[in-house]
Amino acid sequence: MPLTDPFFYALAIPAFLLVGVSKGGFGGGLGSMGVPMMALAVPVPQAAAIMLPLLMVMDVFAIRRYRKDWSRAHMAILMTGAVIGTVLGYLAFRLLDELWVRLLIGSIAVMFGAQDLLREFFGRRARVPEAPDWPKGVFWSSVSGVTSFIANAGGPPLQVYLQPYRMDKTAFVATISVFFWVINWLKFFPFVHLGLFTFENLGTSAVLLPLAALGMWLGFWMHARVDQKRFYLWCNLFLFLTGWKLVYDGIAGLFFG
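Quantities reported herein were computed from a predicted structural model and do not represent experimental measurements.

Trainee: An account of the overall build of the protein chain is needed here, citing residue identities and associated values.
Mentor: The helix and strand tally for the protein chain stands at 10 helices and zero strands. Listing the helices and strands of the protein chain from first to last along the sequence gives α-α-α-α-α-α-α-α-α-α. Here the C-alpha atoms of the protein chain give a radius of gyration of 17 Å, agreeing with the 18 Å that 2.2 N^0.38 yields for 257 residues. Projected onto its principal axes, the C-alpha coordinates of the protein chain cover approximately 50 × 35 × 35 Å.

Trainee: I'd love a proper account of the layout of surface pockets, names of residues and values included.
Mentor: If you add up the space inside the second largest pocket, you get close to 240 Å³. If you trace the second largest pocket, you find it lined by P36, A39, L40, V44, E98, L99, R102, K245, Y248, D249, A252 and G253. Where the lining of the second largest pocket is concerned, the elements lending two or more residues are α5 (98–122) and α10 (228–255). Ranked by residue count, the leading element in the lining of the second largest pocket is α10, at five residues. Considering only residue class, the lining of the second largest pocket consists of seven nonpolar, one polar and four charged.

Trainee: Residue-level account of the pattern of salt bridges, with values.
Mentor: Scanning the model with the defined rule gives three salt bridges in all. Of the charged contacts in the structure, one is a salt bridge between K23 and D59, with a shortest N-O distance of 2.8 Å. One end of the pair, K23, is in helix α1 (residues 6–26); the other, D59, is in helix α3 (residues 44–66), and 36 residues separate them in sequence. Taking relative accessible area as the criterion, D59 reaches 0% and is therefore assigned buried. For K245, the salt bridge identified is with D249, shortest N-O distance 2.7 Å. Residue K245 and its partner D249 are located together in helix α10, separated by four residues, close to a single helical turn. D249 gets classed as buried once you look at its relative accessible area, which sits at 14%.

Calculation criteria
- Residues numbered from 1 in each chain as written.
- Predicted model: local features only at pLDDT ≥ 70, side-chain atom pairs only at ≥ 80, totals over all residues.
- Heavy atoms only, no water.
- Helix = DSSP H or I, 4+ residues; strand = E, 2+ residues; numbered from the N terminus.
- Rg over C-alpha atoms; globule rule 2.2 N^0.38 Å.
- 1 Å grid on protein atoms, 1.4 Å probe; cavity = no way out; pocket = protein on both sides within 12 Å on 5 of 7 lines; lining within 4 Å.
- Points joined across faces, edges and corners; volume = space filled by probe spheres on them.
- Nonpolar A, V, L, I, M, F, W, Y, C, P; charged D, E, K, R; others polar.
- Salt bridge = Lys/Arg side-chain N within 4 Å of Asp/Glu carboxyl O.
- Buried < 20%, exposed > 50% of the residue type's maximum accessible area, 1.4 Å probe, protein only.

What follows is the structure in structure tokens.
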């Protein structure tokens with residue numbers, strides 16, 4: 001049986017629409033807000049278990065849409081980090097405090113997003129890296145794998161690595177989509193082992209399934225209508241806002257919870 005609490009759905013419906021728009025159109029910057037919003041009504045592990053099947057459905061839409069556009073140059077680096085990060089996330093799932101993870105990743109996202117927003121405001125351009133960087137790429141994609149598993153906050157670390165390359169907007173979203181398609185499948189079996197997929201959680205995911213399609217469609221629609229310059233401005237804004245939300249969640253839970 002799915003959840004029947006109206007308060008949960010009042011939070012879950014806008015959360016999934018927000019995740020779909022962000023994932024389909026801008027690489028998922030605001031996707032990290034989905035679980036914290038639902039966690040106001042249900043425990044965090046349950047919120048993550050409800051969200052994962054829907055993220056996997058969204059991944060199918062994204063892969064179908066962007067299957068020819070992802071960056072081959074970066075993918076081997078990112079896949080290496082995806083495997084490392086997921087394994088570390090699984091091993092550390094019951095050891096690391098999710099709130100400290102959110103606080104740390106949120107702080108990084110705020111600083112990186114603010115730096116790029118200030119550059120845009122003052123008309124200054126950062127140096128674009130000439131080639132994929134294996135050490136940085138493996139590090140940030142590994143961090144993304146860990147934070148995705150523990151706190152469903154894998155987007156900001158990956159954006160920290162990819163955004164400086166200023167690749168074509170569609171290639172950017174496609175590359176992130178492929179990365180999280182792999183990450184979510186890697187997370188699926190450990191989630192099963194941890195007993196997170198109950199009938200109640202899966203039933204709730206099924207009820208919310210139409211929102212996955214609607215959110216992704218809205219994201220695709222917006223992606224096609226935002227030009228290259230404004231696209232990265234929006235990505236940095238989403239990253240900055242997501243960072244603040246993660247910082248707020250961490251501080252509120254650690255010191256006022």
